[in-house]
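Spelled out from the first residue to the last, the chains are:
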Amino acid sequence: MFKITTLSRKLIDFTSLMIVTSGILLISDMVQAKTTDIISYREEQNKVTLRLKVTDKVKDKYGKEKTIPIMDLKKKDFKLQVTDMTNDKLVAPSDTDKGYSDIPFKFKNPLEAEPPPAYILVLLDMSGSMNCSTDLDSKGVCNNAVPEGKRKLDAALSALTTFIEEAKKRGGNTNVAIIPFGYGFDYKPIENLEDLNKLYSVSDSKTTAAITNLQKQTPRAATNIYHTLGKAVEFFTNPPTDELKNKFYPFDEKKSEPIEPKPRLAVILLSDGFDTQYDSRDEKKARQLQKTKLEEIKGKLADNPQITIHTLGYGLNAEQLQKKFGTSQWSEINRPPSKDNGKIPSGKIPSNEYLDVDGLEQISKITTPNGLFAISGNSEEIASSLRLFLDAILGEYEVTYTHPNPQRGRLYKTSVTADNISSEATECKQSDIEKKNQCEKSSFIEYRGVNFGRTASFSIWVISAGLLLISGIVWFCFYWWWRKKIEDEERGTSGQSSP
């Protein structure tokens with residue numbers, strides 16, 4: 001038998017500590033990330049996946065500036081900028097003076113990348129003016145004499161059918177509910193949020209059945225845009241059931257974080273007129289009532305980045321109507337049709353021709369990011385606008401790269417430059433990241449490296465190897481001293497026992 005001295009214990013404790021420390025350095029193979037990107041960010045070990053939305057500002061045919069998604073960029077149009085925030089230097093496999101990180105990355109355009117889950121409420125105006133002819137240049141009255149298939153409602157439903165088919169082609173988990181709205185006659189204002197719970201997959205026959213059912217109806221309600229919109233926003237921000245809450249805002253309880261990618265929640269409002277519930281013959285008073293209601297709706301959104309509202313006006317703008325009727329004067333907005341005896345008021349634009357362009361445009365701007373606004377005059381234009389809305393909801397590029405040698409505890413910032421989007425974006429620089437009129441960029445993301453596996457830096461390998469070498473030398477010395485001591489004790493015991 002032999003005794004382990006205090007010195008032996010200290011040597012064992014010291015070398016054990018060094019082995020455990022070096023083991024942690026060599027075995028650790030995880031990087032935890034915290035994203036600040038407005039779209040999404042995913043990290044697995046050293047592989048970083050970014051979901052990017054690219055937009056540009058253009059003018060529509062009416063001269064209005066609008067922001068639209070860009071869907072046709074190529075891999076060569078993108079440049080990564082990964083910055084080590086410790087020394088404010090670009091991270092790259094080798095030294096580079098190109099102004100961007102020369103890191104290889106995989107790329108998918110919006111039609112190649114799997115779309116994020118999406119839940120879309122389409123609010124469809126069922127006011128009496130939707131029973132008018134699709135020929136917007138016609139000055140005829142709106143009545144049941146308009147042939148089936150020639151009503152504005154028919155054109156809208158035809159465009160929605162195209163919208164559903166386009167969403168099917170893109171795959172993924174896209175769900176749509178088509179909600180007719182109005183008040184009076186066959187329609188009552190939506191009060192119960194469960195009435196909006198008609199979301200079905202775009203591949204489900206119930207979605208197309210809803211369109212077929214609406215084709216059989218006669219629009220004749222009054223228009224309550226702001227009330228219906230408020231209920232739609234409440235449906236998304238305060239889901240009526242736990243099942244819907246888990247769909248809209250999936251959460252990983254174990255990791256205490258939202259599950260990525262977060263579902264996209266969208267409202268598409270299609271109307272051919274103006275709100276009559278919050279209206280008044282006094283234009284200023286009417287606008288104030290609408291503004292108050294809109295602020296109330298905006299408060300419900302609470303800067304929820306998952307929700308966007310897109311608005312589509314079906315009709316002619318004020319300039320086109322003035323040209324059509326040769327006047328800029330309107331008939332009384334709340335004037336009952338019976339007072340006109342089915343005739344257009346002399347020298348005035350009939351109220352059923354009025355499209356609240358300003359109101360619809362303001363609605364599209366209350367979400368962050370803003371939604372899209374468009375004016376369409378026929379079925380083809382409506383379908384084109386709806387396709388643009390779908391691009392805005394689902395259209396995301398996917399960029400995946402492997403971070404070269406992330407080092408423990410260091411903070412890294414990644415941004416992406418999309419060149420050649422417009423003439424202003426031909427020379428993008430890091431300093432232009434906040435100047436959207438000069439450069440279109442994705443939001444940047446930040447993450448902290450804690451990985452030291454096969455891709456650890458050379459300095460870490462040297463330190464780890466040094467620790468292992470010292471551990472080996474200490475163990476060898478201890479073993480040699482220990483063995484010599486045992487041998488000496490055995491010789492002494494053997495000498496004492498000899499005759």
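Residues numbered from 1 in each chain as written. Predicted model: local features only at pLDDT ≥ 70, side-chain atom pairs only at ≥ 80, totals over all residues. Heavy atoms only, no water.

Let's talk about the overall build of the protein chain
Phase 1: Along its length, the protein chain carries 10 helices and 19 strands.
Phase 2: If you sum the accessible surface of the protein chain, you get close to 26800 Å²; carbon and sulfur atoms cover 52% of it. (Helix = DSSP H or I, 4+ residues; strand = E, 2+ residues; numbered from the N terminus. Areas by Shrake-Rupley, 256 points an atom, 1.4 Å probe, with all protein chains shown as cover.)

A few points about the pattern of salt bridges
Phase 1: Summed over the entire model, instances satisfying the criterion amount to 17 salt bridges.
Phase 2: Note that K247 and E243 form a salt bridge whose closest N and O atoms lie 3.8 Å from each other. Here K247 pairs with E243, and both are found in helix α5 (residues 242–248), just 4 residues apart, close to one helical turn.
Phase 3: You can call K247 partly exposed: its relative accessible area is 36%.
Phase 4: According to the relative accessible area criterion, E243 is exposed, its value standing at 55%.
Phase 5: Residues joined in a network through salt bridges with shared partners are R51, R264, E396 and E398. (Salt bridge = Lys/Arg side-chain N within 4 Å of Asp/Glu carboxyl O. Buried < 20%, exposed > 50% of the residue type's maximum accessible area, 1.4 Å probe, protein only.)

Focus: the sheet that holds strand β16 (residues 373–376)
Phase 1: Taken together, the 6 strands give an open sheet; going across it, the order is β11-β10-β9-β14-β15-β16, and neighbouring strands pair in mixed fashion. Edge strands, defined here as strands with exactly one partner in the open sheet, are β11 (200–201) and β16.
Phase 2: Here 4 bridges tie strand β15 (residues 307–314) to β16, and the two strands are oriented parallel to one another. What sits directly across from G313, in β16, is I375. (Pairing = 2+ DSSP bridges.)

With respect to unusual backbone geometry
Phase 1: Of note, the amide linkage connecting E260 to P261 takes the cis form, showing an omega dihedral of -5°.
Phase 2: With respect to the helices and strands, P261 occurs in the loop between β13 (257–258) and β14 (264–271).
Phase 3: Cis geometry is found at the peptide bond from T368 to P369, where omega equals 5°.
Phase 4: Residue D88 is not a glycine yet carries a positive backbone phi of 55°.
Phase 5: If you check the backbone angles, S256 has positive phi at about 55° while not being a glycine.
Phase 6: Turning to its location among the elements, S256 is positioned in the loop between β12 (251–252) and β13.

Considering the pairing of strand β10 (residues 174–181)
Phase 1: Counted residue by residue, β10 has 7 buried out of 8 residues, so it is predominantly covered.
Phase 2: Direction of pairing for strand β9 (residues 118–125) relative to β10: parallel, over a ladder of 8 bridges. Bridge pairing in β10 places L121 opposite A177.
Phase 3: Two elements, β10 and β11, share 2 bridges in a ladder whose sense is antiparallel. Residue pairing in the sheet places N175 in a bridge with S201 of β11.

Brief notes about the sheet that holds strand β8 (residues 105–108)
Phase 1: Spatial ordering of the open sheet is given by β2-β3-β17-β8, a layout of 4 strands whose pairing is antiparallel. Two strands in the sheet have a free side with no partner beyond their single neighbour: β2 (40–44) and β8. Across the sheet, the mean angle separating the axes of adjacent strands is 15° when strand polarity is ignored.
Phase 2: With 6 bridges connecting them, strand β3 (residues 47–52) and strand β17 (residues 397–402) associate as antiparallel partners. Looking at the pairing, L52 lines up with Y397 of β17. (Axes fitted to C-alpha atoms, helices over the stretch in contact; angles between N-to-C directions.)

Section: the packing of aromatic side chains
Phase 1: Counted under the stated rule, the structure contains 8 aromatic pairs.
Phase 2: With centroids separated by 5.2 Å and ring planes inclined at 70°, the aromatic side chains of F236 and F248 adopt a geometry described as edge-to-face. Here the residue F236 occupies a position in helix α4 (residues 225–237), and F248 occupies one in helix α5, the gap between them amounting to 12 residues. Just as F236 is buried, F248 falls in that class too.
Phase 3: In this structure an aromatic cluster arises from ring pairing among Y119, F235, F236 and F248.
Phase 4: The ring of F105 carries the charged tip of K75 above its face, separated from the ring centre by 5.3 Å.
Phase 5: Above the ring of Y314, the side-chain terminus of K152 is found at 5.4 Å from the ring centroid. (Phe/Tyr/Trp six-rings, centres within 6.5 Å; stacked < 30°, edge-to-face > 60°. Lys NZ or Arg CZ within 6 Å of the ring centre and 35° of its normal.)

What about the side chain of S379?
Phase 1: Position of S379 among the secondary structure elements: in helix α9 (residues 379–394).
Phase 2: Residue classification places S379 among the buried residues on the basis of a relative accessible area of 17%.

Here's the deal with the packing of α4 against helix α6 (residues 283–301)
Phase 1: Look at α4 against α6: their axes get within 9 Å of each other, and the N-to-C directions meet at 5°. As far as their axial angle goes, α6 and α4 are roughly parallel. Across the interface between the two elements, Y226, H227, L229, G230, V233, E234 and T237 of α4 pack against Q290, K293, L294, I297, K300 and L301 of α6.
Phase 2: Considered class by class, the residues forming the contact of α4 with α6 number 6 nonpolar, 4 polar and 3 charged. (Parallel < 35°, antiparallel > 145°, perpendicular 65-115°, else oblique. Contact = heavy atoms within 4.5 Å. Nonpolar A, V, L, I, M, F, W, Y, C, P; charged D, E, K, R; others polar.)

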